[in-house]
Amino acid sequence: MHSPVADTPRHLTEPAWIRWGLITVACGFLIVFLLLPLTFVLVQAFRQGLHAYLQSFSDPDATSAIRLTIIATVIALALNTVFGICAAWCIAKFSFRGKNVLITLIDLPFAVSPVVAGLVFVLLFGAGGWFGSYLRDHNVHIIFALPGIVLATTFVTLPFVARELIPMMQAQGTDEEEAARVLGASAWQMFSRVTIFNIGWSLLYGIILCSARALGEFGAVSVVSGHINGKTCTLPLHIEYLYDNYQLSAAFACASLLCLLALVTLVAKTLVGRRLRLSMEVADDVPGLVPTAVP
Amino acid sequence: MSIEIQRVAKRFGSFVALDDVSLSIPVGQLVALLGPSGSGKTTLLRIIAGLDVPDSGTLAISGADSVSATPRDRKVGFVFQHYALFRHMTVADNIAFGLTVRPRAERPTPAVIKQRVDHLLHMVQLEWCAGRYPHQLSGGQRQRIALARALAVQPRILLLDEPFGALDAKVRAELRRWLRRLHQEMGVTTVFVTHDQEEAMEVADRVVVINHGKIEQAGTPEDVYNAPCSPFVFDFIGQSVSFPAVIRGGVARFGAMSIPVPGQVSDTEEQAIAYARPHDLTLAPTASSEGGIEAVIERIHAIGALARIDLRVTGRTTPFEAQMSSEALQPLGLSVGQTVRVLPRRVKVFRTAAAPVT
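Just so it is clear, the structure is predicted and the values come from calculations on it, not from any experiment.

J.: Could you clarify how one ought to interpret the sheet that holds strand β20 (residues 348-351) of chain B in this entry?
T.: In sheet architecture, strand pairing relies on hydrogen bonds along the backbone and comes in two forms, parallel and antiparallel. Residue and element names in this part refer to chain B. Taken together, 5 strands build an open sheet; the order of strands is β13-β12-β11-β14-β20 and the sheet is antiparallel. Where the open sheet ends on each side, the last strands, each with one partner, are β13 (257-260) and β20. Strand-to-strand twist across the sheet, computed as the mean angle between neighbouring axes with direction ignored, equals 35 degrees. Bridging between strand β11 (residues 241-248) and strand β12 (residues 251-254) involves 3 bridges; their strand directions are antiparallel. Bridging across to β12, Val246 finds its partner in Arg253.

What follows is the structure in structure tokens.
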């Protein structure tokens, strides 16, 4: 990589003091708001030594919280992947009345505060809610139980996969799908042998964003979970509980785990993003490419 | 297989793509659907393929009603304008696709599929690129692979949507000849869509001219060129020169020309347009001739075998062109600014009211 500044003629660049000033401001901001907190989390987590750090995870409440977070994330991911593909497929490949309404609705979870989303589920499925008495009669527990947590997580992370897929699918058009159909492929063969490969990297990118958000979800889950330790506490809720009870070291240990997961997804996101751009570039050049051999 | 289209109509919202179209294509013919963009020609092709469903009308492929048949059951091969090759598959996998998606019972063995792919690659002269991906090929090569992929399923009908539209002129000319030869060898009923009249005239057995969702004329290229049945066809196919004319008493007059018009004779005056081909115009000095239309020479291009002369009738703004061989031009001794008589050897007159002039 060579910097664009070095290649730009002098009269087109800003004076040195502006360049360095901007760089300093940007770096300072990053340090104060990103690097310092991250370091602080790690420092706090290891304050009482490695043994105490590892001890925080062997606590049954902590393991239960980790397990619950992973279960909720996996289910929400699966649901949103299926929904995202279906919605993007409808929007990108067909034109119908109310298409714009659907596109707007998909974005709703971004706009609504997660707390409100959680409250909506309590209102629907809670003891005094619309379906409350029916659920009680049939002995189904949604609120203050796993289903509620999954619902809340799914709602909050709903837009990610669809949002990634829609522009990709729209850009690709329907030519290849139509080609597959004319060649005799069934709808499933068309999807599993053509579409899924064309959207693969976008889909993975969406799934990574979705999982990052699902792992850290606090607001909506906090409303529906009921904070029953060892039962309905996800990792973020468990951290809050520890913090409120002055178990700072354990709280930061768990927080460091969330940070680690975030970093892993970030790296994955960057790698996948790079592949995605590559695959888009390949898709972009339709006629031009010179063949490497001539018949 | 034969294709029988009866009274097919298709709308997209308020846009009428096809308006009561009937067409029958006999077995083994190579047909061009020719028209300007938005004329409905591609919609007709997609309806034959089963990619679009007509709002009304019937479609029969080799006698069997096919409107509700899936693309799979129609056994058609379709070549898309932008090739639509599967970008994540190698060329060989692309060609094999139609065979590998067949139900297990009908699917050929891998060895047979490979043999068939090799045969098709040989036919399109691209054996060397079996393991390559579509993005590694040039436009012309991709188009040939798209054709091989369509032929792999041994279609009863081959449909091509603007097959050479995105290619440069030289590759296009080569592929046209190649398609013609391929059609002769295989004898599959073939329909292709094009907006390029030259391409239609050169390749097809029969040209179907479509405009505004209706068939204007269908016939051999010679018929369509020599006996256009509407002003649109005259204008769209080949080059044309038009003069405003007036019909009265069974005679059309324009300039100092009068041409008998068949049909009923009426004494009322009717507006009309007289069409001629640029190569059907004779130029003569005003002194040594009479009749015709007087026009001033604006420019003479005489490079190569064909000479083109730009002329303008006094008082009219749009110039027109006359064509003759450079050899014929020489003895006339024409010069720019000179007034000459234009004598059309063949003229076709259309009443303005009878057919819309586009």
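Don't stop here, the text continues.
J.: Looking at this structure, I do not really get the environment of Ser64(A). What am I missing?
T.: Residues and elements named next belong to chain A. Inspection of the secondary structure puts Ser64 in helix α4 (residues 60-93). Judged by relative accessible area, which is 9%, Ser64 ranks as buried. Ignoring sequence-local partners within four residues, the contact set of Ser64 consists of Gly230 and Lys231. Side-chain polar atoms of Ser64 contact the backbone oxygen of Gly230, separated by 3.0 Å.

J.: Would you mind showing me how to read the interface of chain B and chain A here?
T.: One frequently used descriptor of interface size is the decrease in accessible area upon assembly of the parts. Listed as interface residues are 31 residues of chain B and, on the opposing side, 28 residues of chain A. Summed over both sides, the interface between chain B and chain A buries roughly 2,700 Å², with carbon and sulfur atoms accounting for 58% of that surface. Of all residues in chain B, Arg87(B), His88(B) and His135(B) give up the largest surface area on contact with chain A, accounting jointly for 22% of the area buried on that side. Linking chain B with chain A are 2 salt bridges, by the criterion used here. The salt bridge involving Arg87(B) is made with Glu176(A); its shortest N-O contact spans 2.8 Å. Counting the contacts that link chain B with chain A gives 6 residue pairs in polar contact (both at pLDDT 80 or more). When residues of the side of chain B that touches chain A are traced back to their parent elements, those giving at least two are α2 (71-74), β6 (76-79), α3 (91-100) and α5 (139-152) of chain B. At 5 residues, the largest contribution of residues to the side of chain B that touches chain A is made by α5(B). Here the side of chain B that touches chain A is composed, by residue class, of 15 nonpolar, 10 polar and 6 charged.

J.: Looking at this model, I keep getting lost on the side chain of Arg46(B). Mind explaining?
T.: Along the chain, Arg46(B) turns up in helix α1 (residues 41-49). On the basis of relative accessible area, Arg46(B) is assigned to the buried category, the value being 17%. Engagement of the side chain of Arg46(B) in a polar contact is seen with the side chain of Glu178(A), the distance being 2.6 Å.

J.: Quick question: what am I supposed to make of helix α6 (residues 169-186) of chain B here?
T.: The periodicity of an α-helix, 3.6 residues per turn, causes residues three or four places apart in sequence to face the same way. All names here are of chain B. Counted at 1.5 Å a residue, the expected span for α6 with its 18 residues is 26 Å, and the 26 Å between its end C-alpha atoms agrees. Taken as a whole, α6 has its buried residues at Leu175, Arg176, Trp178, Leu179, Leu182 and His183. Of the surrounding secondary structure, the elements contacted by the buried residues of α6 are β3 (30-34), α4 (110-123), α5, β7 (157-161), β8 (189-194) and α7 (197-203). Residue Gly187 follows α6 closely and has a positive phi angle near 70 degrees.

J.: Looking at this structure, how should I read a nonpolar patch on the surface?
T.: The grouping of Phe29(A), Leu30(A), Ile31(A), Val32(A), Phe33(A), Leu34(A), Leu35(A) and Leu36(A) at the surface amounts to a nonpolar patch, some 820 Å² of accessible area in total. Following the sequence through the fold, Phe29(A) ends up in helix α2 (residues 16-45).

J.: It is not clear to me how the pairing of strand β17 (residues 306-313) of chain B should be interpreted in this structure. Could you clarify?
T.: Along a regular strand, successive side chains alternate from one face of the sheet to the other. All names here are of chain B. In terms of strand pairing, strand β16 (residues 293-301) meets β17 through 6 bridges, oriented antiparallel. Directly across from Val296, in β17, lies its bridge partner Arg312. Adjacent in sequence and paired antiparallel, β16 and β17 are bridged by 4 residues, among which Gly304 carries a positive phi angle near 85 degrees. By the bridge criterion, 6 bridges tie β17 to strand β18 (residues 320-325) in an arrangement that is antiparallel. Bridging from a neighbouring strand, Asp310 pairs with Glu321 of β18.

J.: Can you walk me through the packing of α4(A) against helix α9 (residues 146-157) of chain A in this structure?
T.: Between two packed helices, what matters for the description is the angle formed by their axes and the separation of those axes. Residue and element names in this part refer to chain A. Interhelical geometry of α4 versus α9 gives an angle of 50 degrees and a closest axis separation of 9 Å. Taken together, the axes of α4 and α9 lie oblique to each other. Here α4 and α9 pass one another in a crossing that is right-handed. In this structure, α4 uses Leu68, Ile71, Ala72, Ile75, Ala76, Leu79 and Asn80 to contact α9, whose residues at the interface are Leu146, Ile149, Val150, Thr153, Thr154 and Thr157.

Criteria and cut-off values
- Residues numbered from 1 in each chain as written.
- Chains lettered and ligands numbered in written order.
- Predicted model: local features only at pLDDT ≥ 70, side-chain atom pairs only at ≥ 80, totals over all residues.
- Heavy atoms only, no water.
- Pairing = 2+ DSSP bridges.
- Helix = DSSP H or I, 4+ residues; strand = E, 2+ residues; numbered from the N terminus.
- Axes fitted to C-alpha atoms, helices over the stretch in contact; angles between N-to-C directions.
- Buried < 20%, exposed > 50% of the residue type's maximum accessible area, 1.4 Å probe, protein only.
- Contact = heavy atoms within 4.5 Å.
- Polar contact = N/O pair within 3.5 Å; in protein donor to acceptor, adjacent residues only side chain to side chain.
- Buried area = accessible area lost by both parts, 1.4 Å probe.
- Salt bridge = Lys/Arg side-chain N within 4 Å of Asp/Glu carboxyl O.
- Nonpolar A, V, L, I, M, F, W, Y, C, P; charged D, E, K, R; others polar.
- Expected span 1.5 Å × (residues − 1).
- Patch = residues over 30% accessible without salt bridge, like charges linked within 9 Å, V, L, I, M, F, W, Y side chains within 5 Å.
- Areas by Shrake-Rupley, 256 points an atom, 1.4 Å probe, with all protein chains shown as cover.
- Parallel < 35°, antiparallel > 145°, perpendicular 65-115°, else oblique.
- Left-handed = near helix turned anticlockwise from the far one by under 90°.

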